[in-house]
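One letter stands for each residue in the lines below.
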Amino acid sequence: MLNKKTVDDLQVKGKRVLVRCDFNVPLQDGVITDENRITAALPTIKKLIADGGKVILCSHMGKPKGEAKPELSLAPVAKRLSELLEKEVVFAKDDNVVGENAKAAVAAMKDGDVVLLENTRYRKEETKNEENYSKELASLADVFVNDAFGTSHRAHCSTVGVTEFVEESAVGYLMEKEIEFLGNAVNNPERPFVAILGGSKVSDKINVINNLLEKVDTLIIGGGMAYTFAVAKGGKVGNSLLEEDKVPYALDMMKKAEEKGVKFLTPVDTVITQEFKNDTPFKTVPTGEIPDGWEGLDIGEETRKQFAEAIKGAKTVVWNGPMGVFEFENFAKGTKAVAEAMAEIDATTIIGGGDSAAAVNQLGFGDKMTHISTGGGASLEFLEGKELPGVVAVDDK
Ligand code: AMP
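For every chain, the first residue of its written sequence is number 1, and the numbers climb from 1 along that sequence. Reporting in this predicted model follows two pLDDT cut-offs: at least 70 for local features of residues, and 80 or more for side-chain atom pairs to be given and counted; totals over whole chains, interfaces and linings ignore these cut-offs and use all residues. Here the side-chain values reflect all heavy atoms present in the structure, with hydrogen atoms and water set aside.

## With respect to the overall build of the protein
Phase 1 of the analysis: A helix here means a DSSP run of H or I that spans at least four residues, while a strand means a run of E at least two residues long, and both kinds are numbered starting from the N terminus. Within the protein, the regular secondary structure consists of 13 helices and 19 strands.
Phase 2 of the analysis: Radius of gyration here is computed from C-alpha atoms only, and the compact-globule reference equals 2.2 Å multiplied by the residue count raised to the power 0.38. The C-alpha atoms of the protein give 23 Å as radius of gyration, which agrees with the globular expectation for 397 residues (21 Å, within 12%).
Phase 3 of the analysis: Seen through its principal axes, the protein has C-alpha atoms that stretch 70 × 40 × 35 Å.
Phase 4 of the analysis: A total of 397 residues make up the protein; the buried ones form 57% of that total.
Phase 5 of the analysis: A contact between two residues is defined here by any heavy atoms of the two lying within 4.5 Å. For the protein, contacts bridging at least 24 residues in sequence account for 74% of all contacts bridging at least 6.
Phase 6 of the analysis: Each accessible area value is a Shrake-Rupley result obtained with a 1.4 Å probe; residue values ignore everything except the protein chains displayed when judging cover. Per element, the accessible surface of the protein, about 16800 Å² overall, is 46% carbon and sulfur.
Phase 7 of the analysis: We treat Lys and Arg as the positive residues and Asp and Glu as the negative residues; His and chain ends play no part in the count. The atoms used to mark charge sites are NZ of Lys, CZ of Arg, CG of Asp and CD of Glu. Charge-centre separation for the protein: the mean point of 48 positive side chains lies 1 Å from the mean point of 63 negative side chains. Only protein chains enter the area calculation, which uses a 1.4 Å probe; residues under 20% of their type maximum are buried, those over 50% are exposed, and those in between are partly exposed.

What follows is the structure in structure tokens.
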């Protein structure tokens, strides 16, 4: 159970409530191409409006590095949010975020009104968690709600610093839901518990593998990171992604799995090519027998079967990272097979954000999963067993 205050513990009538959301949505020429993160924030916003709070929203967008970059303005989000909420969202367009527009807009608010501040990262202090900016943000509000799971692994002014200068702080519904699903899956899973890791690098997932080996019944490794394990087993991987310096670590992890009685599955066959592109000849060979000049871009058919079989028997599945270069249709089969196997079973299925979330949605399996996390980096840190600073900073119950 989460021991933090939630929006249900707050009395917000007539109070100014600053809500940190994660509106970091993909934009193309000013058009939002995926609004999942906006819709995921609606339950908290609607609750605070219904309770008569003065709802002041804030978020970052991309990495403007302390500069007011117009292409990273939150203006398109204000517009879309107005439509989704069916009420005006006043956009406080200040390059310094807490400027004259924000102050005037907040002063004019009535209960249930909504204001959106400009990109919090237009200020360089944000990512350094500097006190002056935390105080400025807090000066707009009485109460603070953190609903930005995707940024909760970062100690910034708008996620951590601000909590020190408000009367009270709480987590929002999205944050609560993310922590509940990920927390239960990892710490209290219905067994068998299978975790699947993929993506390009072993080095990004060192602590995740180590921590999950303490918890899971089966650990499946696919994607680019699998070749380092293939080399650890004495195989040849040609030009495939390889982190030589992580081979001893891969050996340690395989030994740890054996000691713990964890089933450790790595690919037995691999789809290889001579060029890193979609339209190029490809063939399947045993993993560990990849010739020079060739590289693995996806797991092979036999591996897809073995992974699907392991998933089939599970009661809890957590997945982070694609099985191959799924951006190329010819090499998306492994990622698709895992998504399909997860979609078909009667189990708690959790997608840990980032590329795997994009792949699952793109392949049309989104509504078949129990939970798709809105935070790639944050969910990985959660799987590492780390405490998330944005959650720790919120008031205890
Ligand atoms: P990450 O950024 O570590 O989450 O990894 C995601 C990226 O890994 C995706 O862009 C995939 O295209 C890439 N990837 C997965 N498998 C492979 C592979 N076998 N070779 C090269 N890249 C891969």
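## Comments concerning the domain arrangement of the protein
Phase 1 of the analysis: Assigned domains within the protein: domain 1 (7-173) and domain 2 (182-383).
Phase 2 of the analysis: Once you take the C-alpha centre of each, domain 1 and domain 2 turn out to be 35 Å apart.
Phase 3 of the analysis: If you look at the interface, domain 1 gives nine residues, while domain 2 gives nine residues.
Phase 4 of the analysis: The quantity reported as buried area is the accessible area (1.4 Å probe) lost by two parts once they are put together, taken as the sum for both. Of the roughly 600 Å² buried where domain 1 meets domain 2, counting both sides, 62% is carbon and sulfur surface.
Phase 5 of the analysis: Counting the surface domain 1 buries against domain 2, the share from its top three residues, Arg37, Phe149 and His153, is 74%.
Phase 6 of the analysis: Put simply, a salt bridge is a Lys or Arg side-chain nitrogen that is within 4 Å of an Asp or Glu carboxyl oxygen. Seen at the junction of domain 1 and domain 2, the total is zero salt bridges. Just so you know, the domain bounds were taken from an automatic or database domain assignment.

## Re the site of the ligand
Phase 1 of the analysis: The rule for a residue being near a molecule or strand is that one of its heavy atoms must lie within 4 Å of it. Taken together, 15 residues surround the ligand, and among them Ser200, Gly224, Gly296, Glu327 and Asp355 come closest.
Phase 2 of the analysis: Definition of a polar contact: a pair of N or O atoms within 3.5 Å, with one able to donate and the other able to accept a hydrogen when the atoms are protein atoms, and with sequence-neighbouring residues admitted only if both atoms are side-chain atoms. Ser200 has a polar side-chain atom sitting 3.0 Å from an oxygen atom of the ligand.
Phase 3 of the analysis: One nitrogen or oxygen atom from the side chain of Glu327 is found 2.5 Å from an oxygen atom belonging to the ligand.
Phase 4 of the analysis: Within the complex, 80% of the 500 Å² of free accessible area of the ligand lies under protein.
Phase 5 of the analysis: Partitioning the shell around the ligand into residue classes produces five nonpolar, six polar and four charged. Under the convention adopted here, Pro, Cys and the residues Ala, Val, Leu, Ile, Met, Phe, Trp and Tyr are nonpolar, Asp, Glu, Lys and Arg are charged, and Gly plus all remaining residues are polar.

## Points about the sheet that holds strand S14 (residues 282-286)
Pairing between sheet strands relies on hydrogen bonds along the backbone, with the strands arranged either parallel or antiparallel.
Phase 1 of the analysis: Strand pairing is assigned whenever DSSP identifies at least 2 bridges connecting the two strands. On the basis of which strands lie adjacent, the open sheet formed by three strands has the order S14-S13-S16 and antiparallel pairing. At either margin of the open sheet sits one strand with a lone partner, and together these are S14 and strand S16 (295-299). The average angle at which neighbouring strand axes cross in this sheet is 40°, direction not considered.
Phase 2 of the analysis: An axis is simply a line fitted to the C-alpha atoms; with a helix, the fit covers only the stretch in contact. Between two such axes, the angle follows the N-to-C directions and lies from 0 to 180 degrees. Here helix H9 (residues 301-312) sits on the sheet and contacts strand S13 (269-273) and S16; the angle it forms with S16, its principal contact strand, is near 40°.

## What about the nonpolar core?
Phase 1 of the analysis: Of all hydrophobic cores here, the largest spans 39 residues; its most connected members are Leu197, Ile209, Leu213, Leu219, Ile221, Phe229 and Phe264.
Phase 2 of the analysis: Only helix H5 (173-187), strand S9 (193-197), helix H6 (206-212), strand S10 (218-221), helix H7 (226-232), helix H8 (247-260) and helix H12 (376-383) provide two or more residues apiece to this core.
Phase 3 of the analysis: When residues of this core are assigned to their parent elements, the largest contribution, six residues, is made by H8. Only buried residues count toward a nonpolar core. Its members are Ala, Val, Leu, Ile, Met, Phe, Trp, Tyr and Cys residues joined through side-chain atoms within 4.5 Å.

## Quick notes on the sheet that holds S9
Phase 1 of the analysis: One open sheet accounts for six strands, arranged S12-S10-S9-S17-S18-S19; its pairing is parallel. Looking at strand neighbours, the two that pair on one side only are strand S12 (263-265) and strand S19 (371-372), the edges of this open sheet.
Phase 2 of the analysis: Where strand S17 (residues 316-320) lies against strand S18 (residues 348-351), four bridges are found, and the strand directions are parallel. What sits directly across from Thr316, in S18, is Thr348.

## As for the environment of Glu164
Phase 1 of the analysis: Among the structural elements, Glu164 can be located in the loop between strand S7 (143-146) and strand S8 (168-171).
Phase 2 of the analysis: Glu164 sits in the exposed class, given a relative accessible area of 62%.
Phase 3 of the analysis: Residues Glu164 and Ala339 lie 175 residues apart in sequence; the distance between their C-alpha atoms is 42 Å.

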